[in-house]
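Structural overview for review
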Number of protein chains: 2
Amino acid sequence: MFAGQEQQAELQLQQALYNQEQHTVGEVYVIGAGPGAADLLTFRALRLMQQADVVVYDRLVSPEILDLVRRDAEKIYVGKERDHHTVPQENINTLLAELAKSGKRVARLKGGDPFIFGRGGEEIETLMQQGVQFQVVPGITAASGCASYAGIPLTHRDHAQSVTFVTGHLKNDSINLNWTQLAAANQTVVVYMGLVGIEKICNALIAHGSPSDFPIALVQEGTMQNQRVITGTLSTLPQLIANAQIKPPTLIIIGTVVTLHKQLNWFQTKGN
Amino acid sequence: MFAGQEQQAELQLQQALYNQEQHTVGEVYVIGAGPGAADLLTFRALRLMQQADVVVYDRLVSPEILDLVRRDAEKIYVGKERDHHTVPQENINTLLAELAKSGKRVARLKGGDPFIFGRGGEEIETLMQQGVQFQVVPGITAASGCASYAGIPLTHRDHAQSVTFVTGHLKNDSINLNWTQLAAANQTVVVYMGLVGIEKICNALIAHGSPSDFPIALVQEGTMQNQRVITGTLSTLPQLIANAQIKPPTLIIIGTVVTLHKQLNWFQTKGN
């Protein structure tokens, strides 16, 4: 063995020992990747994405954002689509814990914010129970992103003194929400994952006292170049959407703030 | 005049013409600066902060974040404190429009998100009326930031299927909120600016059906090195806070998700 080779072998050994040492301190970063546009990532999110050895990501994380993870990081897709859970939540929780226990720094990338309909709480409960270190990085939730880019303030002195976030998930073909609460005045209601249930949502609100001409908007691919905003009323929106060939991700905003969209719509998209 | 001086004079003239040209295209960037920690800024926010000629900022924008604006940008403070409005909102709206019309690129920096209790809607309405171009950059709202850094998920399968944001502003010594709605089960309620009214808030919730031992947390300086989290119940928290010498900014989280804080509290602060 030549001297140069010997040196190189020693360097390799040192590197291996260093890696092994790192492998004893795995950790999970539960990261909100925001509403879609890559420049709505936070600095903290990017820094941790670039430290990670492995990235576990959802369907709602855009390709532009996934491109920003460390080049050589392993990428694991665990996205969910309606009626088609690629990986059950329990398995994701366990996967994160196992990866970290094998010494990996794991970036758990989620669309939006991990603690607003992101099931981040369940994931870190498992990590905590298994003694795995973690941190949580908040992200711009879809409601904030879509509201800003659609020119629809979620609160406004003249319109809404509060804002409520719910999901429109169907369970046994119905949506279990406190409709009386959601039909009350002077508030904004944001529905995540409400596209499939839109007609049931509109009908339930009308049945619980909302005027049938109450303003409602659907935002498709909010913050992205393909963003579309469709506004209507509780009685007209379901049909408008049926005609418009809408695709997820979508967000629904209900309240008189929606009337401001026409004036305050500043974001130039491909379509306009 | 020497040749070098002549050249320099011409450069200065060109620069002046260039500046004048720019001065015809003033614009306002309404930017959410997030909950406090500088690394929770978005890339888009920073990019626009570095383009701005003038920055108009609130009390809730931290010095670390203000340090990130362009070095030579003019800085105008319009912060508000309770009972002590430094600049009335109408004047802020007008100021932004005037600055932009004089050709300046104006960064309007706000704590949190401009469209969640940020009065961003009112500001851009004035801009729109006066024909001033603007864009809106969403920020991490205080609720997201504090929740993530306190280990309190805002939604959780076992605890809360929805989350509502309200403000605890006192008006004529009372707080005008839909208490019946806020006292309902299976939700999380987040109160912005609720420190002064905390006792009234707790009493009103109990009077409208919340159990007196219902969990509630106050987060002081969420996401910052001085973060403090005080948890208790609707009957105990007001006294705990009175004893703890709490300072704004604070955020209040109400709901059984608060019970998860003890386990999921991952953020190492100066105090622990």
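Here's a quick rundown of the structure. Fair warning: this is a prediction, and the values are worked out from it, not measured in the lab. (Residues numbered from 1 in each chain as written. Chains lettered and ligands numbered in written order. Predicted model: local features only at pLDDT ≥ 70, side-chain atom pairs only at ≥ 80, totals over all residues. Heavy atoms only, no water.)

With that out of the way, let us pick up the interface of chain A and chain B. Taken together, the 53 residues of chain A in the interface contact 53 residues of chain B. Between chain A and chain B, the buried area comes to about 4600 Å², and carbon and sulfur atoms account for 63% of it. The interface formed by chain A and chain B contains eight salt bridges. Between A:Glu122 and B:Arg157 there is a salt bridge, and its shortest N-O distance comes to 3.5 Å. Counting across the chain A and chain B interface gives 23 residue pairs in polar contact (both at pLDDT 80 or more). Those elements that provide at least two residues to the side of chain A that touches chain B are helix 2 (43-51), helix 5 (120-129), strand 7 (133-137), helix 6 (142-150), strand 8 (162-167) and helix 10 (261-264) of chain A. Among the elements that line the side of chain A that touches chain B, the one with the most residues is strand 8 of chain A, at six residues. Direction of pairing for strand 8 of chain A relative to strand 8 (residues 162-167) of chain B: antiparallel, over a ladder of three bridges. Across the sheet, A:Thr164 pairs through a bridge with B:Thr164, a residue of strand 8 of chain B. (Contact = heavy atoms within 4.5 Å. Buried area = accessible area lost by both parts, 1.4 Å probe. Salt bridge = Lys/Arg side-chain N within 4 Å of Asp/Glu carboxyl O. Polar contact = N/O pair within 3.5 Å; in protein donor to acceptor, adjacent residues only side chain to side chain. Helix = DSSP H or I, 4+ residues; strand = E, 2+ residues; numbered from the N terminus. Pairing = 2+ DSSP bridges.)

Once chain A is rotated about the relating axis by 180° and shifted along it by 0.0 Å, it coincides with chain B to within an RMSD of 0.1 Å. Overall, the copies show the geometry of a two-fold rotation axis. With an isologous cut-off of 70% or more, the 100% of interface residues of chain A that recur at the interface of chain B puts this contact in the isologous class. (Least-squares fit on C-alpha atoms with pLDDT ≥ 70 in both.)

Residues and elements named next belong to chain A. Here strand 8 lies mainly inside the structure; six of its six residues are buried. Alternating positions in strand 8 separate into two faces, Ser 162, Thr 164 and Val 166 on one and Val 163, Phe 165 and Thr 167 on the other, with burial throughout. Across six bridges, the pairing between strand 8 and strand 9 (residues 187-192) is parallel. Bridge pairing in strand 9 places Val 166 opposite Val 191. (Buried < 20%, exposed > 50% of the residue type's maximum accessible area, 1.4 Å probe, protein only.)

Let us now look at the environment of B:Val219. Residues and elements named next belong to chain B. Relative to the helices and strands, Val 219 is located in strand 10 (residues 215-220). Taking relative accessible area as the criterion, Val 219 reaches 0% and is therefore assigned buried. Sequence separation between Val 219 and Gly 103 is 116 residues; the distance between their C-alpha atoms is 41 Å. Once residues within four sequence positions are removed from consideration, Val 219 is found in contact with Cys 146, Ala 150, Gln 227, Arg 228, Val 229, Pro 249, Thr 250 and Leu 251.

This brings us to the side chain of B:Gln181. As for its placement among the helices and strands, B:Gln181 is situated in helix 7 (residues 179-182). Apart from residues lying up to four places away in sequence, B:Gln181 is in contact with A:Thr164, A:Gln181, A:Ala184, A:Gln187 and B:Gln187.

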